[in-house]
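Listed here are the chains, written in short residue letters.
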Amino acid sequence: TYREQYRDGRPKNQWCCVLSSLLLIPPLGCCSLLQIHHQNLAWKEGRTMDAEHHNDSSYNYAWWGVFLGFIFWIWYLHFREPGGGEWEWNFDFNDWFQWD
């Protein structure tokens, strides 16, 4: 399979996805960052297969973090209790305008 690589042959990191997963679900984002660190160490030591393995693991952690993060935050913001599963509008126009 084709893998994106830098000019020196090192597998490319998915930094945008990693940082997104770090913001959405920090534990999976931290796992992804740890895998990038292991990838860089393996590449410096000349272990290219290990570097590719860690790159794949980082990619998987990052995308699962983004996917589960979106599901979690949509649920948390819109469907959780005590709203009864409905969207609550917490804005009161009477606080803004003086209706006499």
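Because the structure is predicted, anything quoted here is derived from the model rather than measured.

Things to note about the side chain of Gln35
- Its place among the elements puts Gln35 in helix α2 (residues 26-44).
- On the accessibility criterion, Gln35 (13% relative accessible area) is buried.
- In contact with Gln35, not counting residues within four places along its chain, are His54, Ser57, Ser58 and Tyr61.

Notes on a nonpolar patch on the surface
- A cluster of nonpolar side chains, contributed by Phe70, Phe72, Trp73, Ile74, Trp75, Tyr76, Leu77 and Phe79, occupies part of the molecular surface with about 820 Å² of accessible area.
- Checked against the element boundaries, Leu77 lands in helix α3 (residues 48-79).
- You can call Leu77 exposed: its relative accessible area is 55%.

Side note on the nonpolar core
- The biggest cluster of nonpolar side chains holds 6 residues, and these are Cys17, Val18, Leu24, Ile36, Ala62 and Val66.
- Contributing elements (two or more residues each) for this core: α1 (15-24) and α3.
- For this core, the element with the most residues is α1, which contributes 3 residues.
- The residues touching Cys17, leaving out its near neighbours within four places in the chain, are Ala62, Trp63 and Val66.

With respect to α3
- With 32 residues, α3 should reach 46 Å at 1.5 Å per residue; the first-to-last C-alpha distance of 45 Å fits that figure.
- Turning to α3, its buried residues are Ala51, Glu52, His54, Asn55, Ser57, Ser58, Ala62, Gly65, Val66 and Gly69.
- Contacts made by the buried residues of α3 are with α1 and α2.

Looking at the packing of α1 against α3
- Relative orientation of the contacting elements α1 and α3 amounts to 40°, with a least axis distance of 8 Å. Between α1 and α3, the interaxial angle falls into the category oblique. Between α1 and α3 lies a crossing whose hand is left-handed. In this structure, α1 contributes Cys17, Val18, Ser20, Ser21 and Leu24 to the contact, and α3 contributes Ser58, Ala62, Trp63, Gly65, Val66, Gly69, Phe70 and Trp73.
- A breakdown of the residues in the contact of α1 with α3 according to their chemical character gives 8 nonpolar, 5 polar and no charged.

Points about the packing of α1 against α2
- Look at α1 against α2: their axes get within 6 Å of each other, and the N-to-C directions meet at 145°. Here α1 and α2 pass one another in a crossing that is left-handed. Of the residues in α2, those touching α1 at Trp15, Val18, Ser21, Leu22 and Leu24 are Pro26, Gly29, Cys30, Ser32, Leu33 and Ile36.
- Residues of the contact of α1 with α2, tallied by class, amount to 8 nonpolar, 3 polar and no charged.

Focus on α2
- With 19 residues, α2 should reach 27 Å at 1.5 Å per residue; the first-to-last C-alpha distance of 27 Å fits that figure.
- Looking at α2, one finds that the buried residues are Leu28, Gly29, Ser32, Gln35, Ile36, Gln39 and Ala42. Angular distribution of buried residues about the axis of α2 spans 140°; they occupy a single face of the element. Exposed and oriented more than 90 degrees from the buried face of α2 are Pro27 and Lys44.
- Elements that come into contact with the buried residues of α2 comprise α1 and α3.
- With its phi angle positive at about 85°, Gly46 sits one or two positions after the end of α2.

Conventions we followed
- Residues numbered from 1 in each chain as written.
- Predicted model: local features only at pLDDT ≥ 70, side-chain atom pairs only at ≥ 80, totals over all residues.
- Heavy atoms only, no water.
- Helix = DSSP H or I, 4+ residues; strand = E, 2+ residues; numbered from the N terminus.
- Buried < 20%, exposed > 50% of the residue type's maximum accessible area, 1.4 Å probe, protein only.
- Contact = heavy atoms within 4.5 Å.
- Patch = residues over 30% accessible without salt bridge, like charges linked within 9 Å, V, L, I, M, F, W, Y side chains within 5 Å.
- Areas by Shrake-Rupley, 256 points an atom, 1.4 Å probe, with all protein chains shown as cover.
- Salt bridge = Lys/Arg side-chain N within 4 Å of Asp/Glu carboxyl O.
- Core = buried A, V, L, I, M, F, W, Y, C linked by side-chain atoms within 4.5 Å.
- Expected span 1.5 Å × (residues − 1).
- Axes fitted to C-alpha atoms, helices over the stretch in contact; angles between N-to-C directions.
- Parallel < 35°, antiparallel > 145°, perpendicular 65-115°, else oblique.
- Left-handed = near helix turned anticlockwise from the far one by under 90°.
- Nonpolar A, V, L, I, M, F, W, Y, C, P; charged D, E, K, R; others polar.
- Arc of directions from axis to C-beta.

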